[in-house]
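These are the residues of each chain, in order.
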Amino acid sequence: MIAHIQGKLVEKTPTEVVIDCNGVGYHINISLHTYSLLPNADFVKLFTHLMVKEDSHSLYGFVEKSEREIFKMLLSVSGIGAGIARTMLSSLEPKQIIQSLASGDVATIQSIKGIGGKTAQRAILDLKDKVLKIYDLDEVSMSQSNTNRDEALSALEVLGFVRKASEKIVDKVISQNPDATVEVIIKQALKNL
């Protein structure tokens, strides 16, 4: 209904903004990802999604169209509402969400506050094919990088490192070098642990 809003940025917090558009101030909920991408200029444009409920109308805003599309996709999953979808986009980069869904990485999705095991599995089941098709990803390469990630995490766990701390560093290494072998991932992770 409301595709985008552009105007003067009046208020800005990590979770919401107010944009003055011809004298009307629109209160728009945002993710931390969008907050980090907001320009320092007074004039902004956000792509929006309007949620209409019995008791409220809420606007959700995104700097990137692609983030809005991921938000809408997440809303289509039973058990994921606007609040959890926004939390997902605040906790992980949109690319990480797409990769986690495409590779069936339940652990990463479940690590987001408010998402349990069943909801994570449902999200993967509902969205995996859609994500692979829309973002033109190769399922083989996705599972290959996921296998390397799992092997590296297992090795680090055997070496005595806590899995939670290792996951963050291994994911960072893989995001910087997607084609990294298990050995390279482990060596880079050990430098940062």
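Residues numbered from 1 in each chain as written. Predicted model: local features only at pLDDT ≥ 70, side-chain atom pairs only at ≥ 80, totals over all residues. Heavy atoms only, no water.

Peer 1: Explanation requested: the environment of Leu37 in the structure shown.
Peer 2: As for its position among the elements, Leu37 is in helix H1 (residues 32-37). Placed 27 residues apart in sequence, Leu37 and Glu64 show a C-alpha to C-alpha distance of 8.7 Å. Discounting chain neighbours no more than four positions away, the residues touching Leu37 are Val63 and Glu64. (Helix = DSSP H or I, 4+ residues; strand = E, 2+ residues; numbered from the N terminus. Contact = heavy atoms within 4.5 Å.)

Peer 1: So what exactly am I meant to see when it comes to the packing of helix H4 (residues 94-103) against helix H6 (residues 117-134) here?
Peer 2: A pair of packed helices can be characterised by two numbers: the angle between their axes and the separation between those axes. It is at 7 Å that the axes of H4 and H6 come closest, and there the two elements cross at 105°. Here H6 runs roughly perpendicular to H4, going by the angle between their axes. Of H6, the residues touching H4 (which contributes Ile98, Ser100, Leu101 and Ala102) are Ala123, Ile124, Leu127, Lys128, Val131 and Leu132. Partitioning the contact of H4 with H6 into residue classes produces eight nonpolar, one polar and one charged. (Axes fitted to C-alpha atoms, helices over the stretch in contact; angles between N-to-C directions. Parallel < 35°, antiparallel > 145°, perpendicular 65-115°, else oblique. Nonpolar A, V, L, I, M, F, W, Y, C, P; charged D, E, K, R; others polar.)

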